[in-house]
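If you want the building blocks of each chain, they are given just below.
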Amino acid sequence: MTAIVECKGITKHYRQGSIDVPALRGVDLAIEKGDFASLAGPSGSGKTTLLNIVGGLDRPTEGTISIDGQDLTALDNEELADLRLRKIGFVFQAYNLIPVLSAVENVEFTQQLMNVPAKERRERAKEMLHQVGLDGMENRRPSRLSGGQQQRVAVARALASRPSIVLADEPTANLDTKTAEDLITLMSDLNERYGVTFLMATHDDRVISRTRRHIVIADGRVASDELRPAEMAV
Amino acid sequence: MMDRLRLLLPLAWRNLWRNPRRTIITVLVVSVGLWSILTFSVLLKAWSVSSRDTTLKLMTGEGQIHATGYLDDPTVAHRMTQPAGKLENILSSSAVAAYTKRLRIAAIVQSEYKTLPMTLVGTDPARERRLSVLPDRVREGRYLDGPADTGIVLGRNLARRLKTRVGKRVVVMAQDEKGKLAERAFKVIGLYAAPQQTEDQFAFTGLKTAQAFTGIGTDITEIAFVTPDSQDIADVIARMKASSPGRDIQSWKTLAPLSYAVSTFFNEFILMWLWIMFALMAIGIVNTQLMAVFERIREFGLLQALGMRPRLVLMEVTLESAMLIGVGVGLGIAMSVLSVQAFPNGIDLGFLGRGAELVGAGHILYPKVDAGDFALYSLIVWTLGVVATLWPARRASRVSPVEAMGRF
Ligand SMILES: Nc1ncnc2c1ncn2[C@@H]1O[C@H](COP(=O)(O)OP(=O)(O)O)[C@@H](O)[C@H]1O
Ligand SMILES: [Mg+2]
């Protein structure tokens, strides 16, 4: 297997006034192509911090991080933006969508940034919305979509630009059980059918139990990292 | 670049209408501000044109030709020959709309009751009519009927002070060609109305009569001329100067310095007004745009997280401002054009009475849309407005996606 993400000796310290808050204390981690991985751990353990660093949204205090062999620490802000655009799909906990764009336009947005021709990106966006089960919702603005539907649009967008990895931070935190189940099933299907690589920060057992790789982080370090067969959807 | 615009334009346009109330307020601030600048410029320009015209159309014309030295000592000693050769060619060409020849000298007028100083102007009425309004301002009696007319036309106020009237005689004294005092009786044939200062100063008789009176043959002391609207007066004067080096040729700017000062003052006033209004507008615009940016910090974080380059975010926000201010500018122009068109017959300043006369304006202002001025002022407001909003836009592009989106 090839590593898509390689973290070596990642530390991250936040300064709060004069106090130094260590959020990550030395993380070594490799995410392989095709992984369907959860990043679990108690609140405050550093999940979000790690995900932000992997996604090129934040920089580590120490250590190196590479995506598809490219060293992120060497990139400036504009280059990091390009890297996020081309290599990473994000699904955040909430406020994922651009309010003034319709569902299909939101999905098209990243492709538009990549100058994909209009016809091609529209077709791909519609196909993605179809994949996430949102046929007929294409022209709705986010304000007219439910929370679950918004997360689906976010997944569709994350996939539309064909990223190397999709990073999701507590994607189910704001969803009810049924909707959360549906979303995780969707992502699992996409992983199995198309080999899309997922890394999800979560402390939601419904999500953890459905992933194949369980990474647990505690106190800013990787506490355990094991492969297990994922439970089937009920 | 086109791809970028196609991406940013709809985004910016829709963002503009997310908070319609705020957008409308900003649009109103810009449009009312620009409206005040544009209508002010139109009014002041009309005022200054009217003031200029009023002065120039009394006697001055747009330019005058004298013998060198005449302006300092306006007597027959500084007379000149009739225009000839190249100068005459220019005066008769299309570069000059009309010109008149005068013999204009300091004189004393005497009635049975009083002796007063004044200026006697010998003129050719047919030519005079084409650049002066005074021949048409005769309120009693008649104007001169030709260069050989021996009557005299006085200003109403001068006649009142002399206690004379149409049909009576006055005696005029002036230096003749030899420096001796010439004296002659004139029959008062008409009284004209004009600003008081003019009424008191100028009295008119036929050019030939005045020449005979002072004994200077066919010489004259003054040529006044006007140019067609399209003509550049400085250019005409330069050509005249080249054609006759011995003569003193001046434009109205030096002949009527007060009118010129008024028009330059107005231009400066308009610029000052533009800056004041712009400063007020800028405060409003920058404020609302800053507010709009802060409200959407999270969204700017999202845009960057998704891979939109900071520079593109800057462009997007700037584009929003450009559209916002552009809409305001468009509305401001429309409002100004409508305001100006609301006065197709001019604005009558009659209610100001002599007050308007004092500051040198005619009684009716004719406001006119000057496309060049409108374009210039609008462009200044629009450009400066957009530049002012670069600050909020920069804030938006400097947002750190992690901090903006909070901790997920
Ligand atoms: N911007 C920040 N400033 C200061 N401390 C922070 C900041 N972000 C995170 N932290 C601290 O870092 C630690 C890890 O936080 P986080 O990565 O958000 O944990 P998790 O996502 O697992 O809940 C926590 O102690 C948190 O308080
Ligand atoms: Mg977190």
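Just so you know, these numbers come straight off a predicted model, no measurement behind them.

Asks: I'm lost on the overall build of chain A in this one. Help?
Replies: Regarding its fold elements, chain A presents 7 helices and 10 strands. A principal-axis box enclosing the C-alpha atoms of chain A has dimensions of 50 × 45 × 40 Å. Buried residues in chain A amount to 56% of all 234 residues. Sequence separation of at least 24 residues holds for 67% of the intrachain contacts in chain A that already meet a minimum separation of 6. Of the accessible surface of chain A, which amounts to about 10,100 Å², a share of 48% is contributed by carbon and sulfur atoms. One finds the centroid of the 29 positive side-chain charges in chain A at a distance of 4 Å from the centroid of its 33 negative side-chain charges.

Asks: I'm lost on the sheet that holds strand 1 (residues 3–16) of chain A in this one. Help?
Replies: Hydrogen bonding along the main chain pairs the strands of a sheet, whether they run parallel or antiparallel. All names here are of chain A. Here 4 strands make up an open sheet; going across it, the order is 2-1-4-5 and the pairing antiparallel. Each end of this open sheet is capped by a strand with a single partner; those strands are strand 2 (19–32) and strand 5 (70–71). The pairing of strand 4 (residues 62–67) with strand 5 spans 2 bridges and is classified as antiparallel. Its bridge partner lying in strand 5, I67 is registered against Q70.

Asks: Please explain the domain arrangement of chain B as it appears in this structure.
Replies: Interface extent is often summarised as the accessible area lost during association of the parts. Under the domain assignment, chain B is made up of domain 1 (2–55 + 259–406) and domain 2 (69–245). Averaged C-alpha coordinates put domain 1 of chain B and domain 2 of chain B at centres separated by 51 Å.

Asks: Any chance you could explain the sheet that holds strand 3 (residues 36–40) of chain A here in plain terms?
Replies: All names here are of chain A. An order of 6-7-8-3-9-10 is seen for the 6 strands of this open sheet, with the pairing classed as mixed. In this open sheet, the two strands that pair with only one neighbour each are strand 6 (88–91) and strand 10 (221–227). Within the sheet, the average angular offset between the axes of one strand and its neighbour, ignoring direction, is 15°. Bridge count between strand 3 and strand 9 (residues 213–218): 4 bridges; the pairing is parallel. Across the sheet, A37 pairs through a bridge with R213, a residue of strand 9.

Asks: When you look at the packing of helix 12 (residues 310–341) of chain B against helix 14 (residues 371–388) of chain B in this model, what are you seeing that I'm missing?
Replies: Packed helices, taken two at a time, are described by the angle their axes make and the gap between the axes. All names here are of chain B. Here helix 12 crosses helix 14 at 155°, and the two axes come no closer than 9 Å. When the axis of helix 12 is compared with that of helix 14, the two are roughly antiparallel. Remark: the crossing between helix 12 and helix 14 carries right-handed chirality. Contacts between helix 12 and helix 14 involve T318, A322, I325, G326, V329, I333, S336 and V337 from the first element and F374, S378, V381, W382, G385 and V386 from the second. When the residues that make up the contact of helix 12 with helix 14 are grouped by side-chain class, the tally is 9 nonpolar, 5 polar and no charged.

Asks: Before we go on, may I ask you to explain the pairing of strand 8 (residues 198–201) of chain A in this structure?
Replies: Every regular strand shows the same layout, with side chains that alternate between the two sheet faces. All names here are of chain A. Burial along strand 8 is two-sided: the residues F198 and M200 and L199 and A201 are all buried. Relative to strand 8, strand 3 runs parallel, the two being bridged by 4 bridges. Bridge pairing in strand 8 places A37 opposite L199. Direction of pairing for strand 7 (residues 165–169) relative to strand 8: parallel, over a ladder of 4 bridges.

Conventions used here
- Residues numbered from 1 in each chain as written.
- Chains lettered and ligands numbered in written order.
- Predicted model: local features only at pLDDT ≥ 70, side-chain atom pairs only at ≥ 80, totals over all residues.
- Heavy atoms only, no water.
- Helix = DSSP H or I, 4+ residues; strand = E, 2+ residues; numbered from the N terminus.
- Buried < 20%, exposed > 50% of the residue type's maximum accessible area, 1.4 Å probe, protein only.
- Contact = heavy atoms within 4.5 Å.
- Areas by Shrake-Rupley, 256 points an atom, 1.4 Å probe, with all protein chains shown as cover.
- Lys, Arg positive; Asp, Glu negative; His and termini not counted.
- Charge placed at Lys NZ, Arg CZ, Asp CG, Glu CD.
- Pairing = 2+ DSSP bridges.
- Domains from an automatic or database assignment.
- Axes fitted to C-alpha atoms, helices over the stretch in contact; angles between N-to-C directions.
- Parallel < 35°, antiparallel > 145°, perpendicular 65-115°, else oblique.
- Left-handed = near helix turned anticlockwise from the far one by under 90°.
- Nonpolar A, V, L, I, M, F, W, Y, C, P; charged D, E, K, R; others polar.

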